[in-house]
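Chain and residue survey
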Amino acid sequence: MRTPRWRSPRAVSAESRPRGDAGGVAIGNAYCAIHTIDWCGAATRVILRAMKNPFCAGGRARLALAPLAACLLAFAACEEAPPARTPKPASAGAAAPSASAGATLFTPERGAGEKAPEGEVSLAHVPKDLPLGVSPLLYAMAVPPQSVPSPAQIALGDKLFNDKRLSADDSVSCATCHDPKTGFTDHKTTAEGIKKQRGQRNSPTVLNAMFGATQFWDGRAATLEAQAKLPILNPIEMGMRSDADVVAKVQKIPEYAASFKQVFGRDVTFDDLAVALAAFERTQYSGTAPFDRFIQGDEKALNDAEKRGWALFNGKGRCNTCHAGNAVSPLFSDQKFHNIGIAAHKQDFPALAREAVAVVNSGNQKQVDELAIESKFSELGRFLVTKQTNDVGAFKTPTLRNVGITAPYMHDGSMDTLWDVMDHYNKGGVANPFLDGGMQRLGLSENDVDDLVAFMGSLTSDKFAAYGKQEMARMQGQKGKRPQRDMVAANGPNGSKGDLGDIAPDPDLKVKNPASNGVFGTYDVANGGK
Amino acid sequence: MGIKSIETKHMEEREAFFRKLSRVSRRDFVKLAGISAGIAASKGIVNPHSFQLVDVASADEGKPRFSFAYISDTHLYNRKLNDRFVRSILKAVDDVNALTPQPDFVLFGGDLAQLGAKDELELGAQILKSVKAPVRMMVGEHDWFLDMGDVWKGLFGAPQYSFDHKGVHFVTLMSVNEKDFWTARKMTPQQRMNTVAGLDNGTQSRFEVGPQGREWLKNDLAKIDAKTPLVVFSHSPLYKYYRDWNFWTEDADEVQAILSKFESVTVIHGHTHQLLSNHIGNIAFHGMLSTAWPWPYAPTGLPKLTVQMNRPDPFDNFDGCGDGRFEVGGSVAGLADSIYNLWDRNPVTVRASYLASNGAKDVPPATKLTSY
């Protein structure tokens, strides 16, 4: 193993300072950051070298984390000078950042019982068998030591997850909408609860939900535990009237009364029930997709169409503006909320949105609360949580991992296939007063669209490989039906030439395949990894 | 306990979590937040009520109280060449048409066209016809220097005029005159236009209202009582901000002297494409947003009262752009509060009381976004 060499983080231009809502480094704008790195000459190469394993696997924590740390340090250094803390000496043979890289982010060689100092992330509790693409640091950040699920909690959570008795009429379980066999989705437009009632939103997958900064399409729940409780109580989902009712019902089932006693040492509580469900969900990390092998240096893991798709993803397709997949954004999601014009398909969205903004600006809290439960206002998305104008019609950027098996798409399940999704983005979304400015026409050709869809298919975990093929074939079969397709809008008034740089040029794969560029991939295989 | 209480409880837990995080040093927090794949982004959750109500303190009895909107610096090209800016002005028109209540009028802040071409100006005029409220036009240098205003005047009339509205005297100035730098250099009209449209060139002269314009202003104001609230529209800022970009009016001091006898003066200007606030003597200055692009702040000369907007996202067509409105008599009788309707961001209100108190009162919230 080779010790990475570091250049002072200050070598990176101050322009690379990313935007964050709360003073933090915003993962979502790694697009900008990565491109800045790209422009930074000498510093670039150093960091590229450091970023050998952006999507690292378990067992290689140090090697993979060091570049990540360096990358973040490079950004952070724009704010403040590196602190003076000296890194702990590394064990023999392991790569350790030199002093110029600043403090270590973590000290993995710390004993299990030893507590990490504030600001450092302990990796002692991280499972040793994480799949490719799920880094130990990501796990450690998402699952603090006290939340590591015990096998007993997981087993109980698994049972509860599949138990229809959690619903008012014993007809719906969590798995009804999040079916483990089909990628934890139901393939329905919107969720169907008890008495065949339809919700307003599409059931998202549980896979990798544990890494989400927030839960639900509008991010109204902060934790898996908080999320787990709400569908049980939602009158049109599982329909239990109150948490007391849930507790009473579960307590009456002898096997659960015993299990809860065993696992939690007490009678059933709603909190414990949520803890068990969350424990199960914390085992649903998913990686090891063809893409992960490609990014680890296996050139053959992706075919040509998928490689072209990855280049388009990071270029002309602008996908990485929000769905960046790289060392600092390992989930293909910026974890933010954007109005991409889905709601504008339906009803009179602009009028609705402006009505809602007026209500919020009037400061009438009662009216605001009433808004939130009226179904027609569901389309306002994140706005109902934050009451911020900027969030009108905004929904969470979902992860793209396993996207090939989670059709239909968007918060309302309004798009049947990935081709529909690409058609939507290709024309720059649907105009509305709160449309995100990142939504611009893309001028993608039909071949480009095919390549991008192929690339998305490469994000399906090996565990679902067969199902993924089946789903991709099914969507391919619907390719003739393209309700969102509008090539005039996608190409603009001047054809596919774009106007004044609106549309990025086609990637010239003959000259140099951007997909093999170290920024996105691992390292230059042809050049022996130099 | 119902649904709400559970969420509330978890919000509290979350708040506790972030309280704990805040004990971590800022630097470490930046790292933590970064790695945790956007926990920082979600931090907004604990602080959902930071939206600013546009509540307006009651102004004095009998003092004028109304609002007008603006669209500014649209820089239209021929649609075949670039329709992105066309989409932007259309978005602004939608915005002002959706205002409830409707503004008394809509000010167009200048630079309708990019290079003063006839088709650019006509396209703009056509689009502005769809504004529901009456439109008041101001000229910018991009509209003027191809034909020295011939087409613009044909479409919109004289560039310098005044009017009275609900007890306020409004003056629209032509502040972007330049001394003749082109004749001696034998420039074509197009070369002249392109020179003026550029930044950082020493060829063109500085903007000025000019001796004639100042004379006209003196005469116009001679008959107006000093107690009458006065609002002046000028395309360039009527002070000296940054010379090399013509964020500058050469005879600003003279013009300010003419305005000095009035008790309440508001100057509203375009050209700078950014959140910009200033206060000199008796005059409050508000810059307008552009629909086309945001300018960065100039390296020197930024007025200290300006609450800066952060550097916009270069991958977002709308970020840093927008339109806005002014509430006359909102926080201070006779002065105007500026509401910046920033697209893709939350609106920012810069109150007259903030400027009039020299920054002591009603400080606008600084952006929570860090710059790119």
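Residues numbered from 1 in each chain as written. Chains lettered and ligands numbered in written order. Predicted model: local features only at pLDDT ≥ 70, side-chain atom pairs only at ≥ 80, totals over all residues. Heavy atoms only, no water.

**Looking at the overall build of chain B**
The number of helices and strands found in chain B is 11 helices and 14 strands. Relative to its full complement of 372 residues, chain B shows a buried share of 59%. Nonlocal contacts in chain B, meaning residues at least 24 apart in sequence, comprise 71% of its contacts between residues at least 6 apart. Of the roughly 14500 Å² of accessible surface on chain B, a fraction of 53% belongs to carbon and sulfur atoms. (Helix = DSSP H or I, 4+ residues; strand = E, 2+ residues; numbered from the N terminus. Buried < 20%, exposed > 50% of the residue type's maximum accessible area, 1.4 Å probe, protein only. Contact = heavy atoms within 4.5 Å. Areas by Shrake-Rupley, 256 points an atom, 1.4 Å probe, with all protein chains shown as cover.)

**Observations concerning the sheet that holds strand β10 (residues 277–280) of chain B**
Residue and element names in this part refer to chain B. With mixed pairing, 6 strands are arranged side by side in an open sheet as β4-β5-β6-β9-β11-β10. With one partner strand each, in any of the chains shown, β4 (161–165) and β10 form the two edges of the open sheet. Here the average twist between neighbouring strands, direction ignored, is 20°. With 4 bridges joining them, strand β5 (residues 168–172) and strand β6 (residues 230–234) adopt parallel strand pairing. From the neighbouring strand, Phe170 faces β6, where its bridge partner is Val231. In the packing of helix α9 (residues 210–222) onto the sheet, the strands contacted are β4, β5 and β6, and the crossing angle to β5 comes to about 165°. (Pairing = 2+ DSSP bridges. Axes fitted to C-alpha atoms, helices over the stretch in contact; angles between N-to-C directions.)

**Re the sheet that holds strand β2 (residues 106–108) of chain B**
All names here are of chain B. In space, the 6 strands of this open sheet follow the order β3-β2-β1-β12-β13-β14, with mixed pairing throughout. Whereas interior strands pair on both sides, the edge strands pair on one side only; in this sheet they are β3 (135–137) and β14 (348–350). Ignoring which end each strand starts from, the neighbouring axes of this sheet average 25° apart. Bridge count between strand β1 (residues 66–71) and β2: 3 bridges; the pairing is parallel. Looking at β2, one finds that Tyr70 is bridged to Leu107. In this fold helix α4 (residues 84–97) packs onto β1, β2, β12 (322–328) and β13 (336–342), with an angle of close to 170° to the strand it touches most, β1.

**Here we look at helix α5 (residues 151–161) of chain A**
Residue and element names in this part refer to chain A. Looking at α5, one finds that the buried residues are Gln153, Leu156, Gly157, Leu160 and Phe161. Along α5, the residues classed as buried sweep out an arc of 135° about the axis, all on the same side. At its buried positions, α5 is contacted by α6 (174–177), α9 (254–264) and α10 (270–281). (Arc of directions from axis to C-beta.)

**Quick look at the side chain of Asp143(B)**
Residues and elements named next belong to chain B. For Asp143, the position within the fold is in helix α6 (residues 141–144). Here Asp143 is buried and forms no salt bridge, its nearest opposite-charge partner Lys153 lying at an N-O distance of 13 Å. One polar contact links the side chain of Asp143 to the main-chain amide nitrogen of Asp111, over a distance of 2.9 Å. (Lys, Arg positive; Asp, Glu negative; His and termini not counted. Salt bridge = Lys/Arg side-chain N within 4 Å of Asp/Glu carboxyl O. Polar contact = N/O pair within 3.5 Å; in protein donor to acceptor, adjacent residues only side chain to side chain.)

**Structural notes on α9(A)**
Residues and elements named next belong to chain A. For α9, the full list of buried residues reads Tyr256, Ala257, Ser259, Phe260 and Phe264. Here the buried residues of α9 occupy an arc of 165° about the axis, which is enough to place them on one side. Of the exposed residues in α9, the ones pointing more than 90 degrees away from its buried face are Pro254 and Gln262. Here the buried face of α9 lies against α5, α8 (243–251) and α10. Just downstream of α9, Gly265 is the residue with a positive phi angle, here 70°.

**Overview of the nonpolar core**
Residues and elements named next belong to chain B. Membership of the largest hydrophobic core comes to 54 residues, with the highest contact counts inside it found for Phe68, Phe170, Leu221, Val232, Phe233 and Leu259. In contact with Phe233, not counting residues within four places along its chain, are Phe68, Phe105, Leu107, Met138, Phe163, Phe170, Val171, Thr172, Leu173 and Ile268. By size, the runner-up hydrophobic cluster in this structure holds 38 residues, among which are Val93, Phe145, Leu146 and Val196. (Core = buried A, V, L, I, M, F, W, Y, C linked by side-chain atoms within 4.5 Å.)

**Quick word on the packing of aromatic side chains**
Using the criterion set out here, one finds 36 aromatic pairs over all chains in the structure. Consider the rings of Phe313(A) and Phe455(A), whose centres lie 5.1 Å apart with planes at 55°: the pair is tilted. Linking Phe313(A) in helix α12 (residues 304–313) with Phe455(A) in helix α18 (residues 446–457), this pair joins segments that are 142 residues apart in sequence. Taking relative accessible area as the criterion, Phe313(A) reaches 2% and is therefore assigned buried. Judged by its relative accessible area of 0%, Phe455(A) is buried. With centroids separated by 5.9 Å and ring planes inclined at 40°, the aromatic side chains of Phe85(B) and Trp293(B) adopt a geometry described as tilted. In this pair, Phe85(B) sits in helix α4 while Trp293(B) sits in the loop between β11 (283–287) and β12, placing the two residues 208 residues apart along the sequence. Every member of this aromatic cluster is reached through a ring pair, and the members are Phe66(B), Phe68(B), Tyr70(B), Phe105(B), Tyr161(B), Phe163(B), Phe170(B), Phe233(B) and Phe326(B). Sitting above the plane of the Phe216(A) ring, Arg220(A) keeps its charged end 3.8 Å from the centroid. The ring of Phe105(B) carries Arg136(B) above its face, with NZ or CZ at 6.0 Å from the centroid. (Phe/Tyr/Trp six-rings, centres within 6.5 Å; stacked < 30°, edge-to-face > 60°. Lys NZ or Arg CZ within 6 Å of the ring centre and 35° of its normal.)

**Quick word on the state of the cysteines**
Using the criterion set out here, one finds 0 disulfides over all chains in the structure. Take Cys177(A): it sits in no disulfide, and the sulfur closest to it among the cysteines is that of Cys174(A), at 8.9 Å. (Disulfide = S-S within 2.5 Å.)

**Here's the deal with unusual backbone geometry**
Residue and element names in this part refer to chain A. A cis geometry characterises the amide bond from Ala407 onward to Pro408, with omega recorded as -5°. Even without glycine at this site, Gln335 takes up a positive phi of about 65°. Note that Gln335 resides in the loop between α13 (320–323) and β1 (337–338).

**Considering the pattern of salt bridges**
All names here are of chain A. Inspection of the entire model under this criterion finds 36 salt bridges over all chains. Taking the shortest distance from any N to any O, the salt bridge between Asp292 and Arg401 comes out at 2.8 Å. Of the two residues, Asp292 is situated in helix α11 (residues 290–295) and Arg401 in the loop between β2 (395–396) and α17 (418–426); the sequence distance between them amounts to 109 residues. Of the two residues, Asp292 and Arg401, neither departs from the other in class, the shared state being buried. For Asp462, the salt bridge is made with Arg293, and the minimal N-O distance between the two is 2.6 Å. Here the residue Asp462 occupies a position in the loop between α18 and α19 (465–477), and Arg293 occupies one in helix α11, the gap between them amounting to 169 residues. Given a relative accessible area of 32%, Asp462 falls into the partly exposed group. Classification of Arg293 as partly exposed rests on a relative accessible area of 28%. Overlapping salt bridges bring together Asp423, Glu446, Asp450, Lys479, Arg482 and Arg485 as one network.

**Description of the pairing of β11(B)**
All names here are of chain B. Extensive coverage of β11 is indicated by the burial of 5 of its 5 residues. Side chains Ile283, Phe285 and Gly287 of β11 all project onto a buried face; the interleaved residues Ala284 and His286 project onto the opposite face, where all are buried too. Bridge count between β10 and β11: 4 bridges; the pairing is antiparallel. Its bridge partner lying in β11, His279 is registered against Ala284.

**A word on the confidence of the model for chain B**
Residue and element names in this part refer to chain B. Across chain B, the average pLDDT comes to 86, with 82% of residues at 70 or higher. Contacts for the low-pLDDT stretch residues 1–7, under 50 throughout, to residues beyond four places or in other chains number 13 contacts. Contacts for the low-pLDDT stretch residues 24–60, under 50 throughout, to residues beyond four places or in other chains number 109 contacts. Overall fold confidence (pTM) sits at 0.76, and the ipTM for the predicted complex is 0.72. (pLDDT = per-residue confidence, 0-100.)

**Let's talk about the environment of Ser378(A)**
Residue and element names in this part refer to chain A. Along the chain, Ser378 falls in the loop between α15 (365–373) and α16 (383–386). The sequence separation of Ser378 and Asp218 amounts to 160 residues, and the corresponding C-alpha distance is 9.5 Å. Excluding its chain neighbours within four sequence positions, the residues that come into contact with Ser378 are Gln200, Arg201, Leu384 and Phe395.

**Some details on the confidence of the model for chain A**
The predicted coordinates of low-pLDDT regions are not to be read in fine detail. Residues and elements named next belong to chain A. On average, residues of chain A carry a pLDDT of 76, and 69% of them reach 70 or more. Element-level mean pLDDT values for chain A span from 31 in helix α1 (residues 30–39) up to 98 in α5. Across residues 1–113, where pLDDT falls below 50, the model places 235 contacts with residues more than four positions away in sequence or in other chains. In the model, residues 517–530 has pLDDT below 50 throughout and makes 29 contacts with residues more than four positions away in sequence or in other chains.

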